[in-house]
Structures are given as structure tokens and as C-alpha cells.
Amino acid sequence: MPNTDWQNNGYLKISGFFSSEEVAALQKWVAEIARWEPTSDKWMHHYESTPDGIRLSRSENFVPYHAALKKTVTRGKVVDVVSALMEEPAVLYKEKINYKYPGGGGYAAHQDAPAYEFVPFHITCLISVDAATSESGCLYFAQGRHQEGFIALDDNGCIASQVASDMAWTAVPTVPGDILLFGSYIPHKSGANRSNSPRRIIYLTYNALSQGDWREKYYQDKRQAFAHYTKASATQARQISKIAHFQGRTVRNHAE
Ligand SMILES: O=C(O)CCC(=O)C(=O)O
């Protein structure tokens, strides 16, 4: 049966989805991926400048290179819960870890759909690896605003700031083991990490399998786009996505 909170709000938090043993494994795997050396043709690491120095802001395209994590995110209860909300079998479209170390940047109000090409609708499963609070930079959602198509898209691919500031925002804090599911049209944003602890989150994005498996094409396209994001434009220099929502101080070519 369709979930009413999901339909009304455009997001759904499930507390304690992962056991403490599973959380320990997820924390270990995220720490492993963070230690991987940068490459130009496998996983992608993005860096930002923080008050403590240069830190990872994001890693992506790591699933093919981490067998245990791959198993967790491509079969079993995560795919099952996403497929239930999708009302048909889902397939992984993309994955990322946002580390948000102390002082790490937040994200301007946006919808994901403008950045997620090739397929019209996606569902993302956020896994809280660390606690996410208003202080450490949890997500805020504009509850119920997921049924309005694209909302006031600006030149950055985000929601125009005047429109965003008139929206009602609900903070959705999470603790390790919680998941938070949201569709690609729900407006969301987050603040910088003002705490002393990292706020690591895994984001797994899925689409309906009936619309095809686009994961490789997505990363091929993103790699091509990033080859053109140079310091020539201040906006592009900051981007870690095809939309310019990241508000941290991106550092390119770190340790490459
Ligand atoms: O991790 C966050 O704080 C928000 C991330 C987000 O909305 C995104 O990466 O599109």
C-alpha cells in the first residue's frame, strides 16, 4: 500500500533501519573509501578548503570498487524499500558520500531533478553514517512541495533565492543507522557543519529499472562535464555537481 507520509511530504525517514553492527560496517567502509588515492578514471574524490585544511567534500562512483558496499546497495533491504516506494523494481543510478567535515560547506536550496539527467524521476536513499543535526548540517525539506515540477530554477540550477527564502523549511535530523528517502523533485537544502565532528552521509540514488540502467552513462557524462569546469568561472570552479548548489570552497586537482 502506498505510504501516506511519503505521498504527502515527499520524503520519508525510517529510524534504525540499520543495526549497530551494520552501522559499524558502514562507518568502516566509508573510512576506507576516504583513504583511497585520487584517480582519474575510477572513483571521483572532490575536496574543499575548511578551517582545518583541505578535506574531502564528496566521493562518488565507488560502488564498483567496494564489494561489500556494492552488495548492500544493489540488493537486499535498501533496494527493496526504494522499490516499494517506486512501486516497481529500482536500479542504482548513482552514489555519493558527502563528508561535511567541521567547517565543510552546505548546499543551497535545490531539487535534484535538474542534475539527474536521462530519467525523469529518481528516489534517493540517504544513510546517516554520523549524526546529522542542524548544527552539523542536516537536511531541510520544503514539505509537500514535490508535486510542482521544477520550481523557480535559476542560472545555477537551484531554486531562486527569493522563492527559497519564502518556503517553509523543516529540519530532518538523523542518527547513525537512520535512512531518509526523498524523490528528485522535493526541494531541500543544508547548512555548513558548525560542529566539531564530521557529518558523513551516503546518498544512493535509484531509478525505475523499467527505464533502463543509466549508471555508467551518468558518470561518463559527468566526467566529461567536469573536464570543462575550470577556474575560469567562479561558479564552475565551485561545482561538484552539474548544478551549482555546493556552497563550500572547492579545491580542484588536490593531490592528483
Ligand atoms: O549533504 C548535504 O548536506 C546535502 C547534499 C545535497 O543535497 C546534494 O548533494 O544534492
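Everything below is about the structure shown above.
Predicted model only: the values in this text are computed from it and were never measured.

Student: Explain the overall build of the chain to me, please; I cannot follow it from the model alone.
Tutor: Scanning the chain from N- to C-terminus turns up seven helices and 12 strands. Projected onto its principal axes, the C-alpha positions of the chain cover 50 × 45 × 35 Å. In the chain, buried positions account for 52% of the 256 residues. For the chain, the accessible area works out to roughly 11,400 Å², and carbon and sulfur atoms hold 50% of it.

Student: Just checking my understanding: could you explain the pattern of salt bridges for this structure?
Tutor: Under the counting rule described, the total for this entry stands at nine salt bridges. Between glutamate 32 and lysine 28 there is a salt bridge, and its shortest N-O distance comes to 3.2 Å. Of the two residues, glutamate 32 and lysine 28 are both situated in helix 2 (residues 20–35); the distance of four residues between them amounts to about one turn of the helix. Between aspartate 130 and arginine 200 there is a salt bridge, and its shortest N-O distance comes to 2.7 Å. Here the residue aspartate 130 occupies a position in the loop between strand 6 (123–128) and strand 7 (139–141), and arginine 200 occupies one in the loop between strand 10 (188–190) and strand 11 (201–208), the gap between them amounting to 70 residues. The exposure class assigned to arginine 200 is buried, which follows from its relative accessible area of 15%.

Student: Is there a simple way to think about the packing of helix 2 against helix 3 (residues 67–74) in this case?
Tutor: Helix packing for two helices is described by the angle between their axes and how far apart those axes are. Where helix 2 meets helix 3, the axes come as close as 10 Å, and the angle between the chain directions of the two elements is 125°. Classed by the angle they form, the pair helix 2 and helix 3 counts as oblique. Considering how the two elements wind past one another, helix 2 and helix 3 form a crossing that is left-handed. Within the contact between the two elements, helix 2 uses Leu26, Trp29 and Ile33 and helix 3 uses Ala68, Leu69 and Thr72. Of the residues assigned to the contact of helix 2 with helix 3, the class counts are five nonpolar, one polar and no charged.

Student: Can you help me understand the side chain of serine 241 in this one?
Tutor: Counting through the fold element by element, serine 241 comes out in the loop between helix 7 (234–238) and strand 12 (249–251). According to the relative accessible area criterion, serine 241 is buried, its value standing at 5%. Among the polar contacts listed, one links the side chain of serine 241 to the backbone nitrogen of isoleucine 243, at a separation of 3.2 Å. In this structure serine 241 touches Arg58, Ala115, Lys222, Phe226 and Tyr229, once residues within four positions along its chain are discounted.

Student: I'm lost on the pairing of strand 4 (residues 90–98) in this one. Help?
Tutor: Consecutive side chains along a regular strand alternate between the two faces of the sheet. Of all nine residues that make up strand 4, nine are buried, and the element is covered over most of its length. Pairing analysis gives three bridges linking strand 3 (residues 53–60) to strand 4, with the strands arranged antiparallel. Residue arginine 58 lies in a different strand from strand 4, and its bridge partner there is asparagine 98. The sheet contact formed by strand 4 and strand 11 spans eight bridges and is antiparallel.

Student: In this structure, what is going on with the packing of aromatic side chains? I would like to understand it.
Tutor: The geometry of an aromatic ring pair comes down to the distance between the two centres and the angle between the two planes. If you walk through the whole model with that rule in mind, you get 12 aromatic pairs. Pairing tyrosine 99 with tyrosine 101 gives two aromatic rings, centres 5.7 Å apart and planes at 5°, and the pair type is stacked. Aromatic rings pair up to connect Tyr93, Tyr116, Tyr218 and Tyr219 into one cluster. Taking NZ or CZ as reference, lysine 96 lies 5.0 Å from the ring centre of tyrosine 203, over its face.

Thresholds applied
Residues numbered from 1 in each chain as written. Predicted model: local features only at pLDDT ≥ 70, side-chain atom pairs only at ≥ 80, totals over all residues. Heavy atoms only, no water. Helix = DSSP H or I, 4+ residues; strand = E, 2+ residues; numbered from the N terminus. Buried < 20%, exposed > 50% of the residue type's maximum accessible area, 1.4 Å probe, protein only. Areas by Shrake-Rupley, 256 points an atom, 1.4 Å probe, with all protein chains shown as cover. Salt bridge = Lys/Arg side-chain N within 4 Å of Asp/Glu carboxyl O. Axes fitted to C-alpha atoms, helices over the stretch in contact; angles between N-to-C directions. Parallel < 35°, antiparallel > 145°, perpendicular 65-115°, else oblique. Left-handed = near helix turned anticlockwise from the far one by under 90°. Contact = heavy atoms within 4.5 Å. Nonpolar A, V, L, I, M, F, W, Y, C, P; charged D, E, K, R; others polar. Polar contact = N/O pair within 3.5 Å; in protein donor to acceptor, adjacent residues only side chain to side chain. Pairing = 2+ DSSP bridges. Phe/Tyr/Trp six-rings, centres within 6.5 Å; stacked < 30°, edge-to-face > 60°. Lys NZ or Arg CZ within 6 Å of the ring centre and 35° of its normal.

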